[in-house]
Amino acid sequence: MSLLVLVLRNISGNLFRSGAIFLCASLVAGLGLSATFVVRGAETGLRQNLSRMGADIIAVPWGTMSQDFDGAHLMGMMTERWMPRAYMEKIAAVPGVEATSPQLYVSTWADSGFTTRPELYVVAYEPATDFVLRPWLENDPIGTLRLGEGVAGAAIQAPDGGQRIHLYGYPIHLLRSLEEVGGDIDQTVFISFETALAILEHVQMEAQPAFEINPHTISTAMVKVRLGHSPHDVAVSILEQVPGVLPIESTGFFQTQRSQMVGLLRTVLALSGLTWMLSLAFMGFAFTLAANERRRQIGVLRALGATRGLVLKTLLLEGVVLALSGGAAGTISAVLSAFLFREQIARATDIQYTLPPPLALLGMVAAGLVLALLSVSAAAWFPASRLCREEMVVTVRE
Amino acid sequence: MISLQNVSKTYSVRGDSSVLAVRNLTMQVEKGEFVIITGRSGSGKTTLLSLVAGLTWPTSGQVLLDGIEVWRLADKEQSLLRNKKIGFVFQFPSLLPTLTSVENVLLPTMFGDKVKGDRSRDRAVMLLEQVGLNDKLRSYPRQLSGGQQQRVVIARALMNEPQLLLADEPTSDLDELTEHEIMALFRNIHALTGVTVLLVTHSNDLAGYGTRLIRMAGGAITDLDD
Ligand SMILES: Nc1ncnc2c1ncn2[C@@H]1O[C@H](COP(=O)(O)OP(=O)(O)OP(=O)(O)O)[C@@H](O)[C@H]1O
Ligand SMILES: [Mg+2]
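Residues numbered from 1 in each chain as written. Chains lettered and ligands numbered in written order. Predicted model: local features only at pLDDT ≥ 70, side-chain atom pairs only at ≥ 80, totals over all residues. Heavy atoms only, no water.

1. Things to note about the overall build of chain B
This is how it is decided: Here a strand is any run of E in DSSP of at least two residues, a helix any run of H or I of at least four, and the numbering for each starts at the N terminus. Residue burial is assigned from relative accessible area. The probe radius is 1.4 Å, only protein chains are included, and a residue is buried under 20% of its type maximum, exposed over 50%, and partly exposed in between. Note on definitions: a residue-residue contact is assigned when non-hydrogen atoms from the two residues lie within 4.5 Å. Method for areas: the Shrake-Rupley scheme with a 1.4 Å probe, in which residue coverage is limited to the protein chains shown.
Helix and strand counts for chain B come out as 6 helices and 9 strands. Buried residues in chain B amount to 57% of all 226 residues. Counting contacts in chain B only where the partners sit at least 6 residues apart, residues at least 24 apart contribute 71% of the total. For chain B, the accessible surface area stands at approximately 9,900 Å², while carbon and sulfur atoms represent 47% of it.

What follows is the structure in structure tokens.
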């Protein structure tokens, strides 16, 4: 007869308590894992949503007519004011700023013929630093834009179903169309600064230039704020620290959503932490009960020649068996429920509840099991070791 | 084999009160003796057995088992010594409820380096047959009567061929007839194996089963009938 048999019999001998500890272990592992899924999913979702919402702040030259901004800061303002490109660095240095990307409003073209809308906008942006348009090209990202290449808003159509349009006589190859966003961006052609410069030079050669701008300026700096920083505070900092620049915050809608998300995440974390602590307390209680109940049995085992270490081992092994089996059950149900109900959960909570890739999943499962194991062991250790130190006659007595 | 010199044992109870369970006790037990210890409840009989087995330690005096102060040994050696040398029959039901008769009898083999494997199983079955439980090998304790349970405990106590059998009121929960059956069993075992027996009982009628009688009162040996 082996130690394990003894342990298994002890487990099956008190199904109720074993079941309760099993449940606790599965709760700890399962909830830990589910919480990780939720946090991961929320993070991904949050990142995508937020990125699609554009900039938190757009910084424009001081004196720009303040316009109403509703919705996303996806592109800068169509105003005839510019600021030196060097401002970008100053803005990037403001605490709380995560990323900046410049945009240059080049021109507005009425009745262009490439869109059914009355106007077509031409805007230069920097694909390398851009974080505003990229999410709208998610399925088909572009690395860089070469000279003469452009990205078109959803409402822009090249003639004859082709990809080539002419801006003020300058040919532009439209690499890609953005997903429909709704708003000005749909009727905008985005080009690189290099192409903008080329168009400017091209336009200057004409007798009556359609427009004139200094190509070494920008009209807008798109600003992304670090998660956890308040966009308002960052905007105030920009106002104070970068003279000549007017920061305009994105409307509250996205901030609300973001803080809701953060709140949800906090709740999930707090709830799973609470469950963990309650489980731990409960398991400690259950093991203390078990140890007391087995006081005599332990006395008997000791009298029959079991060492302290061996008795401790049987008590802990019992915990380990329950932790591993319960943890496995919790893990499996977490993975299964994530797999089966991901859509319902996503719909109910606005969180992309997706399973991570296999290797990451494996790591998380292992972590979940280890957590359950550590929790149960911790809960079992204290009463078991205390009992093993007692004078034996005490344990043999009622 | 057993030697106690001026042994006292005081239990400190919670608070500051203490109980003097064994009082300046001196006695010798030779190899092969069958000593019956009687005395009223609380007279210190169980404490005496615990002291002999080294399960508890004397507050003063010296307890020797084959010349060794067992309780002073390291836990490992103590355990091994108990496992090899001493068979226990407890005052309370001591079978593991989740193990069958055979498994309960096999329990001591888990902790020592004596017989193992098939041979130990054969011996367990043989012992159970010897105590008259051929048909209860696979029964669980709850399926056995009090007398049958005590027989399993006795078989378990004999599993590792001990030199000393410590029995603490092995018949306290049994009717008179069964009581005598069990005592007869002890006598047979003693006659058959020559094992030294220390058997506690509070029934004076059973004194005849042993080779010597010791009476205890108030933690000490007394010659008076109380
Ligand atoms: N672990 C202990 N802690 C405190 N007091 C104890 C402990 N064990 C025994 N005692 C006390 O020591 C005294 C002797 O107890 P012991 O169990 O040795 O008596 P006993 O002769 O075996 O009694 P019984 O016939 O009821 O089994 C009693 O007063 C008892 O209350
Ligand atoms: Mg007693």
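Moving on, there is more to tell.
2. Section: the coordination of the magnesium ion (ligand 2)
For clarity, the threshold we go by: Coordination shells were defined by N, O and S atoms within 2.8 Å of each metal, extended to 3.2 Å for Na, K and Ca; water is absent from the atom set, which can make sites look incomplete.
For the magnesium ion (ligand 2), the full set of protein donor atoms is Thr-46 of chain B (OG1) and Gln-91 of chain B (OE1), and the range of their distances to it is 1.8 to 2.5 Å. With a gap of 45 residues between them, Thr-46 of chain B in helix H1 (residues 45-53) and Gln-91 of chain B in the loop between strand S5 (86-89) and helix H3 (101-106) connect regions that are remote in the sequence.

3. Describing a nonpolar patch on the surface
Residue and element names in this part refer to chain A. Put simply, the test is: A patch consists of residues whose relative accessible area exceeds 30% and which take part in no salt bridge; residues with like charges are grouped when within 9 Å of each other, and nonpolar side chains (Val, Leu, Ile, Met, Phe, Trp, Tyr) when within 5 Å. Throughout this description, the term salt bridge denotes a Lys or Arg side-chain nitrogen within 4 Å of a carboxyl oxygen of Asp or Glu.
A cluster of nonpolar residues, Leu-271, Leu-274, Trp-276, Met-277, Leu-278 and Leu-371, forms a patch on the protein surface that exposes about 580 Å² of accessible area. Tallying contributions element by element places helix H6 (residues 252-293) first for the nonpolar patch, with 5 residues. As for its position among the elements, Leu-371 is in helix H10 (residues 358-389). Among the residues examined, Leu-371 registers a relative accessible area of 30% and is labelled partly exposed.

4. A few points about the packing of helix H5 (residues 146-158) of chain B against helix H6 (residues 176-193) of chain B
Residue and element names in this part refer to chain B. Under the convention used in this document: As a rule, the C-alpha atoms of each element are fitted with a line to give its axis, helices using only the stretch in contact, and angles between N-to-C directions run from 0 to 180 degrees. Here roughly perpendicular refers to angles of 65 to 115 degrees, roughly parallel to angles under 35, roughly antiparallel to angles over 145, and oblique to all remaining angles. Two helices crossing with the near one rotated counterclockwise from the far one by less than a right angle form a left-handed crossing, whereas a clockwise rotation gives a right-handed crossing. Residues are sorted three ways: Asp, Glu, Lys and Arg are charged, Ala, Val, Leu, Ile, Met, Phe, Trp, Tyr, Cys and Pro are nonpolar, and all the rest, Gly among them, are polar.
At a minimum axis distance of 10 Å, the contact between H5 and H6 shows a crossing angle of 15°. As summarised for this structure, H5 and H6 are arranged roughly parallel, according to the angle between their axes. Relative to H6, the crossing made by H5 is right-handed. Together, Gly-147, Gln-150, Arg-151, Ile-154 and Leu-158 of H5 and Thr-178, Glu-181, Ile-182, Leu-185, Phe-186 and Ile-189 of H6 make up the contact between the two elements. When grouped by side-chain class, the residues that make up the contact of H5 with H6 number 6 nonpolar, 3 polar and 2 charged.

5. Examining the environment of Phe-339 of chain A
When you line up the elements, Phe-339 of chain A lands in helix H8 (residues 308-340). Counting along the chain gives 16 residues from Phe-339 of chain A to Leu-355 of chain A, while the straight-line C-alpha distance between them is 6.9 Å.

6. Details of the sheet that holds strand S1 (residues 57-61) of chain A
Residue and element names in this part refer to chain A. Note the threshold: Being paired, for any two strands, means DSSP has found at least two bridges between them.
The strand order across the open sheet formed by 9 strands is S6-S7-S5-S8-S4-S3-S10-S1-S11, and the pairing between neighbours is mixed. With partners counted over all chains shown, the strands left at the sheet margins are strand S6 (164-167) and strand S11 (245-249), one partner each. Across this sheet, the average inter-strand angle for adjacent strands is 35°, counted without regard to direction. Looking at chain direction, strand S3 (residues 97-110) and strand S4 (residues 119-125) are connected through 7 bridges and run antiparallel. Its bridge partner being in S4, Trp-109 is matched across the sheet by Leu-120. On top of the sheet, helix H4 (residues 193-204) reaches S3, S4, strand S5 (149-152), S6, strand S7 (170-177) and strand S8 (188-192); it is set at about 100° to S8, its chief contact. In the packing of helix H5 (residues 231-241) onto the sheet, contacts are made with S1, S3, strand S10 (220-225) and S11, and the angle to S11 comes to roughly 170°.

7. Brief notes about H4 of chain A
Heads up, the condition is: A helix is expected to span 1.5 Å for every residue after the first.
Taking 1.5 Å of rise per residue, the 12 residues of H4 of chain A would be expected to cover 16 Å, and the 16 Å separating its terminal C-alpha atoms lies within 8% of that figure. Those residues of H4 of chain A not exposed but buried are Phe-193, Thr-195, Ala-196, Ala-198, Ile-199, Leu-200 and Val-203 of chain A.

8. Some remarks on the interface of chain B and chain A
How we decide: Summed over both partners, the accessible surface that disappears when two parts come together, traced with a 1.4 Å probe, is what is meant by buried area. Polar contacts, as used here, are pairs of N or O atoms within 3.5 Å; protein pairs need one atom able to donate a hydrogen and one able to accept it. Residues neighboring in sequence count only if both atoms are side-chain atoms.
The partner chain A presents 24 residues to the 27 residues of chain B that form the contact. Of the roughly 2,500 Å² buried between chain B and chain A on both sides combined, carbon and sulfur atoms contribute 69%. Contact with chain A buries area across many residues of chain B, yet Phe-92, Met-110 and Phe-111 of chain B alone supply 25% of it, more than any other trio. Linking chain B with chain A are 2 salt bridges. Taking the shortest distance from any N to any O, the salt bridge between Glu-103 of chain B and Arg-9 of chain A comes out at 2.6 Å. Linking chain B with chain A are 5 residue pairs in polar contact (both at pLDDT 80 or more). Looking at the side of chain B that touches chain A, the elements that each hand over two or more residues are strand S1 (2-12) and helix H2 (75-85) of chain B.

9. Side note on the packing of aromatic side chains
We describe a pair of aromatic rings using the distance from one ring centre to the other and the angle between the two ring planes. Quick note on the threshold: Stacked, edge-to-face and tilted are the three classes for Phe, Tyr and Trp ring pairs, Trp counted by its six-membered ring, which pair at centre distances within 6.5 Å; planes under 30 degrees apart are stacked, over 60 edge-to-face, the rest tilted. Working rule: Lys NZ or Arg CZ, within 6 Å of ring centre, within 35 degrees of ring normal, means a charge sits over the ring.
Scanning the entire structure with this criterion turns up 6 aromatic pairs over all chains. Summarising the aromatic geometry, the rings of Phe-88 of chain B and Phe-90 of chain B are spaced 5.5 Å apart at their centres and angled 10° between planes, so their arrangement reads as stacked. Pair check on accessibility: Phe-88 of chain B and Phe-90 of chain B agree, each one buried. Here the aromatic cluster, defined as three or more aromatic residues joined through ring pairs, consists of Trp-109, Phe-114 and Tyr-168 of chain A. In this structure, Arg-85 of chain A is placed above the aromatic ring of Phe-193 of chain A, and the distance from its NZ or CZ to the ring centre is 4.7 Å.

10. With respect to the environment of Gly-327 of chain A
All names here are of chain A. You can see Gly-327 is positioned in helix H8. Remark: the alpha-carbon pair of Gly-327 and Ala-25, spanning 302 residues in sequence, is separated by 5.2 Å. If sequence neighbours within four positions are ignored, Gly-327 has contacts with Ala-25, Ser-26, Ala-29, Leu-322, Leu-369 and Ala-372.

11. Brief notes about the confidence of the model for chain A
Spelled out, the test is: In predicted models, pLDDT denotes the confidence assigned by the predictor to each residue on a 0 to 100 scale.
When pLDDT is averaged across chain A, the result is 81; 87% of the residues are at 70 or more. For chain A, helix H11 (residues 392-396) of chain A is the element with the lowest average pLDDT, namely 53, and helix H3 (residues 87-92) of chain A is the one with the highest, namely 92.

12. Here we look at the pairing of S7 of chain A
Residues and elements named next belong to chain A. With 4 bridges connecting them, S5 and S7 associate as parallel partners. From the neighbouring strand, Glu-149 faces S7, where its bridge partner is His-173. Examined bridge by bridge, S6 and S7 share 4 bridges and lie antiparallel to one another. What sits directly across from Arg-164, in S7, is His-173. Remark: 2 residues form the turn of the hairpin made by S6 and S7, two consecutive strands paired antiparallel; Tyr-168 in that turn has positive phi of roughly 50°.

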